[in-house]
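Here is how the chains run, residue by residue.
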Amino acid sequence: MGKSIAVVNQKGGVGKTTSCVNLAAALTAQGARVLVCDFDPQGNATSGFGLDKTRSPSVYDVILGGVPISKAIVPTKWADVAPSNKALSGATVELIGLERREFRLRDALEEVKDRYDFLFIDCPPSLELLTLDGLCAADALLVPVQCEYYALEGLSDLLYTVRLAKQRLNPALELEGVVLTMYDGRTNLSLQVAEEVKRHLPGKVYASVIPRNVRLSEAPSHGVPVTVYDPLSRGSDAYVALAKEFLTKNPIAVQK
């Protein structure tokens, strides 16, 4: 049975989708079986793997149209992908009156969970019903945190929401870890933010940090992970290191 991991941060621009796409690709390169479920209406993870956002069926059809998720999954060289598009933006309103609305994604993923080692859920950059659905579908959550002051405030709000979701809807939910992104070791601010996060969440912050790197910004426009776009870049090295560190914490899933 695969491990479902929600990649979540309600603050935009922190490297959430970048981390989801590139960590998934790096894990696939290490031999893991990986599914990326794009649960963000922006569909950036979908295009990050070179897929057309207008393709159908999508995750929207799965959670609101009753389409089996296996029909929506698209294989790529770097991971299997359940694509998303802007149709998902209306799902929050459409879900409100439905039974088990918080568990739509979890129920859908049950069909394919045993086919993968890891199932990454790229959640929207907000604390709304879709994100709650993602948290209810997850066994753990991975939180990318940008190395700036406001990120610390956002992390506190997110962890409060996670505690509520754990208490009321998903008691098994655990914090997989925090990934520091846009890190610049030359600045005091990055160092201070890193130390502060480690102080608040001891043992939960990955040693592998993601640097500021232009290649990470360029890769999505080419529809490939950074490990393919520029395998010698600092960004690529960072996600390969993160994948290896991730596997030391989750060894059983890939030793089948």
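Provided above is the structure to which this section pertains.
What counts and what doesn't
- The residue count restarts for each chain, going from 1 along the sequence in the order it is written.
- In keeping with the predicted nature of the model, local features appear solely for residues at pLDDT of at least 70, side-chain atom pairs appear and are counted solely at 80 or more, and the whole-chain, interface and lining totals rest on all residues.
- The side-chain quantities take in all heavy atoms of the structure and omit both hydrogens and water.
- Numbering of helices and strands runs from the N terminus; a helix is a DSSP stretch of H or I covering at least four residues, while a strand is a stretch of E covering at least two.
- One bridge is not enough; two strands pair if DSSP finds at least two bridges between them.
- Expected span of a helix, by definition, is 1.5 Å for each gap between consecutive residues, and there is one gap fewer than residues.
- Type-normalised accessible area, obtained with a 1.4 Å probe on protein chains alone, sets the label of each residue: buried when under 20%, exposed when over 50%, and partly exposed for intermediate values.
- What makes two residues a contact is simply this: any of their non-hydrogen atoms within 4.5 Å.
- Take the buried residues of types Ala, Val, Leu, Ile, Met, Phe, Trp, Tyr and Cys, join any two whose side-chain atoms come within 4.5 Å, and each joined set is a nonpolar core.
- Think of a salt bridge as a Lys or Arg side-chain nitrogen and an Asp or Glu carboxyl oxygen that are within 4 Å of each other.
- A 3.5 Å cut-off defines polar contacts: any pair of N or O atoms within that distance qualifies, except that in protein one atom must be a possible hydrogen donor and the other a possible acceptor, and neighbouring residues in sequence count only when both atoms are side-chain atoms.
- Side-chain rings of Phe, Tyr and Trp, where Trp is taken by its six-membered ring, are said to pair if the distance between their centres is within 6.5 Å; with planes under 30 degrees apart they count as stacked, over 60 as edge-to-face, and otherwise as tilted.
- The rule for a charge over a ring is simple: NZ of Lys or CZ of Arg within 6 Å of the ring centre, and within 35 degrees of the ring normal.
- Helix axes are fitted only over the stretch in contact, all axes being lines through C-alpha atoms; the angle between N-to-C directions runs from 0 to 180 degrees.
- An angle below 35 degrees is read as roughly parallel, one above 145 as roughly antiparallel, one from 65 to 115 as roughly perpendicular, and any other as oblique.
- For any pair of crossing helices, the crossing counts as left-handed if the nearer helix is rotated counterclockwise from the farther one by less than a right angle, and right-handed if it is rotated clockwise.
- When two cysteine sulfur atoms lie within 2.5 Å, the pair is treated as a disulfide.

Quick one: what's the story with unusual backbone geometry, residue by residue and with numbers?
With an omega of 0 degrees, the peptide bond between Ser-56 and Pro-57 qualifies as cis. In this structure, Pro-57 sits in the loop between α2 (44–48) and α3 (59–65). For Arg-100, which is not a glycine, the phi torsion comes out positive at approximately 50 degrees. Relative to the assigned elements, Arg-100 resides in the loop between α5 (91–95) and α6 (104–109).

Break down the sheet that holds strand β6 (residues 140–146) for me, with residues and values.
Judged by pairing direction, the sheet is mixed, and its 7 strands sit side by side in the order β3-β4-β2-β5-β1-β6-β7 without closing on themselves. A strand with exactly one partner marks an edge of an open sheet, and here the two such strands are β3 (74–75) and β7 (174–181).

Would you mind going over helix α12 (residues 234–249) in detail, with residue names and values included?
Look at α12: 23 Å from first C-alpha to last across 16 residues, which is about the 22 Å you get at 1.5 Å a residue. Residues of α12 that are buried: Gly-235, Ser-236, Ala-238, Tyr-239, Leu-242, Ala-243, Glu-245, Phe-246 and Leu-247. The inward-facing, buried residues of α12 contact β1 (3–7), α1 (16–29), β5 (118–122), β7, α10 (214–218) and α11 (226–229).

Any details on helix α9 (residues 188–200)? Residues and values, ideally.
Within an α-helix, residues lying three or four positions from one another point in the same direction, as the helix has 3.6 residues per turn. Compared with an ideal rise of 1.5 Å per residue, which puts 13 residues at 18 Å, α9 spans 18 Å between its outermost C-alpha atoms and is within 8% of the ideal. The elements touched by buried residues of α9 are β6, α8 (149–168) and β7.

Give me the lowdown on the nonpolar core, citing residues and values where you can.
Formed by 48 residues in total, the largest nonpolar core has its most connected members in Ile-63, Val-143 and Val-197. Among the elements that make up this core, the one with the highest residue count is α8 (6 residues). Aside from chain neighbours lying at most four places away, what touches Ile-63 is Phe-39, Leu-88, Ala-91, Leu-95, Arg-104, Leu-105 and Leu-130. Core analysis: the second largest hydrophobic core is formed by 35 residues, Ile-5, Leu-216, Tyr-239 and Leu-242 among them.

Summarise the pattern of salt bridges; cite the residues concerned and give the values.
Two side chains bearing opposite charge may form a pair once their charged atoms approach each other closely. All told, the structure shown has 13 salt bridges when counted by the stated rule. Residue Lys-16 is joined to Asp-122 by a salt bridge in which the shortest nitrogen-to-oxygen separation is 2.9 Å. With Lys-16 in helix α1 and Asp-122 in strand β5, the pair connects residues that are 106 residues apart, well separated along the chain. Of the residues examined, Lys-16 reaches a relative accessible area of 6% and is grouped as buried. Put simply, Arg-186 and Asp-184 hold a salt bridge, and the shortest N to O gap is 3.0 Å. Where salt bridges share partners, they join Lys-16, Asp-40 and Asp-122 into one cluster.

Describe the side chain of Asn-85, with residues and values.
You can see Asn-85 is positioned in the loop between β4 (80–82) and α5. At a separation of 3.0 Å, a polar atom in the side chain of Asn-85 contacts the main-chain amide nitrogen of Ala-87. Discounting residues that sit within four places of it in the chain, Asn-85 has contacts with Pro-41, Lys-53, Arg-55 and Ser-58.

Explain the side chain of Asp-40 to me, using residue names and the numbers behind them.
Turning to its location among the elements, Asp-40 is positioned in the loop between β2 (34–38) and α2. Look past the residues within four positions of Asp-40 in its chain and what remains in contact with it is Lys-16, Ser-84, Leu-88, Asp-122, Cys-123, Pro-124 and Pro-125.

Break down the packing of aromatic side chains for me, citing the residues and quoting the values.
Tallied over the entire structure, the rule returns 3 aromatic pairs. Seen in terms of ring centroids, Phe-120 and Phe-246 are 6.0 Å apart; in terms of plane orientation they differ by 45 degrees. Their pairing is tilted. You can see Phe-120 sitting in strand β5 and its partner Phe-246 sitting in helix α12, a full 126 residues away along the chain. You'll find Phe-120 and Phe-246 in the same group, each marked buried. Chaining the aromatic ring pairs together yields one cluster made of Phe-118, Phe-120 and Phe-246. Over the aromatic face of Tyr-206 sits the side chain of Lys-249, whose NZ or CZ is 4.0 Å from the ring centroid.

Which residues make up the packing of α1 against α12, and what are the values?
As a packed pair, α1 and α12 sit with axes 9 Å apart at the nearest point and diverge in direction by 70 degrees. When the axes of α1 and α12 are compared, the pair comes out roughly perpendicular. In this structure, α1 meets α12 at a crossing whose hand is right-handed. Across the interface between the two elements, Thr-18, Ser-19, Asn-22, Leu-23, Ala-26 and Leu-27 from α1 touch Tyr-239, Val-240, Leu-242, Ala-243, Phe-246 and Leu-247 from α12.

I'd like a rundown of the state of the cysteines, residues and numbers included.
Inspection of the entire model under this criterion finds 0 disulfides. The thiol of Cys-37 is unpaired, and the distance to the nearest cysteine sulfur, on Cys-123, comes to 8.6 Å. Judged by relative accessible area, Cys-37 falls into the buried class, the value being 1%. For Cys-136, which is in no disulfide, the shortest distance to another cysteine sulfur is to Cys-123 and amounts to 10 Å. The exposure class assigned to Cys-136 is buried, which follows from its relative accessible area of 1%.

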